[in-house]
Amino acid sequence: MKLIILNENLIIQDYIKHKSLKYVADLHKTYPKRIRNILKKHNILLPSTKEIASRFSFNKYKINEKYFETIDTEEKAYWLGFIAADGCITGRNILSIVLNSIDEELLLKFKQALSAEIPIHKRYNKTPVSKILNEYSCISIGNLKLTKDLESHGIIRKKLIV
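**Things to note about the overall build of the protein chain**
At step 1: The secondary structure content of the protein chain amounts to 7 helices and 4 strands.
At step 2: Seen in sequence order, the protein chain has helices and strands lined up from the N terminus as α-α-α-α-α-β-β-α-β-β-α.
At step 3: Scored against the burial criterion, the 162 residues of the protein chain give a buried share of 34%.
At step 4: Relative to all contacts within the protein chain whose residues are 6 or more apart in sequence, the contacts with residues 24 or more apart total 60%.
At step 5: Counting only carbon and sulfur atoms, one obtains 55% of the accessible surface of the protein chain, whose full area is about 11,000 Å².

Given below as structure tokens:
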């Protein structure tokens, strides 16, 4: 195993400039945990998990976060069932839905129901056996109120591990 000597002053400068443990770790060919330890050793204040999450998709896009407060229409009941079947609430309060791109129309309708301006992203994945490249459409909504309302109606957090 090769021991890499790190220039701690340079790491601190890079972190102050870029504000990303992963980026600085990649830059110095080490692990984010090692960068974190160096920063802590030099009393560099690191952001909390909540602050980190707020940099990403939390409340970044306009959305009707009260949509699932009460399930009082057939449309809301439909979307609740849709999320129960095809959605997932992550540990970071992000509702994630990934569908085959053939069904992207459903994500467009879901966005419309929530009055959401959230982008739909494309993902690609090769199947292990046939090596065929599949295209997926996904939407990720980081909104604490929305995910808490969904949980109050029975949507399970991290259902992949249930």
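**What to know about the sheet that holds strand β2 (residues 94–100)**
At step 1: What the 4 strands build is an open sheet, ordered β1-β2-β4-β3; its pairing is antiparallel. Because the sheet does not close on itself, it has two edges, and the strands there are β1 (87–89) and β3 (121–126). Neighbouring strand axes in the sheet, compared pairwise and without regard to direction, differ in orientation by 30° on average.
At step 2: Bridge count for β3 against strand β4 (residues 133–142) is 6 bridges, and the pairing is antiparallel. Residue Lys126 lies in a different strand from β4, and its bridge partner there is Leu133.

**Some thoughts on the pairing of β4**
Successive side chains on a regular strand alternate, one facing one side of the sheet and the next facing the other.
At step 1: One ladder, built from 7 bridges, connects β2 with β4; its direction is antiparallel. Along β4, the bridge assignment pairs Asn100 with Tyr136.

**Things to note about the side chain of Lys76**
At step 1: Of note, Lys76 is situated in helix α5 (residues 74–86).
At step 2: Residue Lys76 is classed as buried on the basis of its relative accessible area of 13%.

**A short note on the packing of aromatic side chains**
At step 1: Across all of its chains, the model carries 6 aromatic pairs by this definition.
At step 2: Connected via pairs of aromatic rings, a cluster forms that spans Tyr78, Trp79, Phe82 and Phe110.
At step 3: The ring of Tyr67 is capped by Lys76, whose NZ or CZ atom sits 5.4 Å from the centre of that ring.

**Quick word on the packing of helix α1 (residues 8–18) against helix α3 (residues 32–41)**
At step 1: Contact geometry for α1 and α3: axes closest at 10 Å, N-to-C directions at 100°. Put simply, α1 runs roughly perpendicular to α3. Of α3, the residues touching α1 (which contributes Glu8, Ile11, Ile12 and Tyr15) are Ile35, Ile38, Leu39 and Lys41.
At step 2: Split by residue class, the contact of α1 with α3 holds 6 nonpolar, no polar and 2 charged.

**Some points on the nonpolar core**
At step 1: One finds Phe68 and Leu114 to be the most contacted residues of the largest nonpolar core, which totals 23 residues.
At step 2: Going through the elements one at a time, α5, β2, α6 (104–113), β4 and α7 (144–152) are the ones with two or more residues in this core.
At step 3: Element by element, the count of residues in this core is highest for α5, at 4 residues.
At step 4: Leave out the neighbours within four places in its chain, and Phe68 touches Lys76, Trp79, Leu80, Ile83, Phe110, Leu114, Leu146, Asp149, Leu150 and His153.
At step 5: If you look at the next biggest cluster of nonpolar residues, it comprises 11 residues, including Tyr15, Ala25, Ile38 and Leu39.

Thresholds applied
Residues numbered from 1 in each chain as written. Predicted model: local features only at pLDDT ≥ 70, side-chain atom pairs only at ≥ 80, totals over all residues. Heavy atoms only, no water. Helix = DSSP H or I, 4+ residues; strand = E, 2+ residues; numbered from the N terminus. Buried < 20%, exposed > 50% of the residue type's maximum accessible area, 1.4 Å probe, protein only. Contact = heavy atoms within 4.5 Å. Areas by Shrake-Rupley, 256 points an atom, 1.4 Å probe, with all protein chains shown as cover. Pairing = 2+ DSSP bridges. Axes fitted to C-alpha atoms, helices over the stretch in contact; angles between N-to-C directions. Phe/Tyr/Trp six-rings, centres within 6.5 Å; stacked < 30°, edge-to-face > 60°. Lys NZ or Arg CZ within 6 Å of the ring centre and 35° of its normal. Parallel < 35°, antiparallel > 145°, perpendicular 65-115°, else oblique. Nonpolar A, V, L, I, M, F, W, Y, C, P; charged D, E, K, R; others polar. Core = buried A, V, L, I, M, F, W, Y, C linked by side-chain atoms within 4.5 Å.

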